[in-house]
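Listed below, chain by chain, are the residues.
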Amino acid sequence: ATVVEIGCGTGGNLLPIAAAAPGCRATGIDLSERQIGFARALASEAGVDNVTFEVGDILAVDPAALGEVDYLICHGVF
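Conventions and cut-offs
- Residues numbered from 1 in each chain as written.
- Predicted model: local features only at pLDDT ≥ 70, side-chain atom pairs only at ≥ 80, totals over all residues.
- Heavy atoms only, no water.
- Helix = DSSP H or I, 4+ residues; strand = E, 2+ residues; numbered from the N terminus.
- Rg over C-alpha atoms; globule rule 2.2 N^0.38 Å.
- Buried < 20%, exposed > 50% of the residue type's maximum accessible area, 1.4 Å probe, protein only.
- Contact = heavy atoms within 4.5 Å.
- Areas by Shrake-Rupley, 256 points an atom, 1.4 Å probe, with all protein chains shown as cover.
- Pairing = 2+ DSSP bridges.
- Axes fitted to C-alpha atoms, helices over the stretch in contact; angles between N-to-C directions.
- Core = buried A, V, L, I, M, F, W, Y, C linked by side-chain atoms within 4.5 Å.

**Student:** For this particular structure, what's the right way to read the overall build of the protein?
**Tutor:** What the protein contains, in helices and strands, is three helices and four strands. Listed by position from the N terminus, the elements making up the protein come as β-α-β-α-β-α-β. The C-alpha radius of gyration computed for the protein amounts to 11 Å, which stays within 12% of the reference 12 Å derived for 78 residues, consistent with globular compactness. C-alpha extents for the protein along the principal axes are approximately 30 × 25 × 20 Å. Burial analysis of the protein (78 residues in total) assigns 33% to the buried set. Here the contacts in the protein between residues at least 6 apart in sequence split such that 66% fall between residues at least 24 apart. In the structure as shown, the protein presents an accessible area of about 4800 Å², 56% of it carried by carbon and sulfur atoms.

Okay, here's the thing in structure tokens:
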């Protein structure tokens, strides 16, 4: 499965998903460089290698660039 979370923050939702489903490909996008840096560090420390975190504005995400997505998560974005 391919999972994308927009507004992922520090990866609190996405990291457990990626860890529990090692066959999935997970991508998190958030505007905050600081939170993305923290999420990347957490993923590295936990050894979760099927997740990537990208700095980006969720309003500017090109859906075509994401490709086919099985699950799109947007939780707590205001």
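**Student:** Just checking my understanding: could you explain the sheet that holds strand E1 (residues 2-6) for this structure?
**Tutor:** The pairing of strands in a sheet happens through backbone hydrogen bonds and is either parallel or antiparallel. Taken in spatial order, the four strands line up as E3-E2-E1-E4 in an open sheet, and their pairing is parallel. Every interior strand has two partners, whereas the edge strands, strand E3 (51-55) and strand E4 (71-73), have only one. Neighbour to neighbour, the strand axes of the sheet diverge by 15° on average, direction disregarded. As defined by bridge partners, E1 adjoins E4 across three bridges and the pair is classed as parallel. Considered in E4, the bridge of Val4 is made with Leu72. In this fold helix H2 (residues 33-46) packs onto strand E2 (25-30) and E3, with an angle of close to 165° to the strand it touches most, E3.

**Student:** Teacher, can you tell me more about the nonpolar core here?
**Tutor:** In summary, soluble globular proteins display a tendency toward joint burial of nonpolar side chains. With 13 residues, the main nonpolar core has Leu14, Leu15, Ala26, Val51 and Phe53 as its most contacted residues. Of all the elements in the fold, those that place two or more residues in this core are helix H1 (14-20), H2 and E3. Those residues in contact with Leu14, other than ones at most four positions away along the chain, are Val3, Glu5, Ala26, Thr27, Gly28, Val51 and Phe53.

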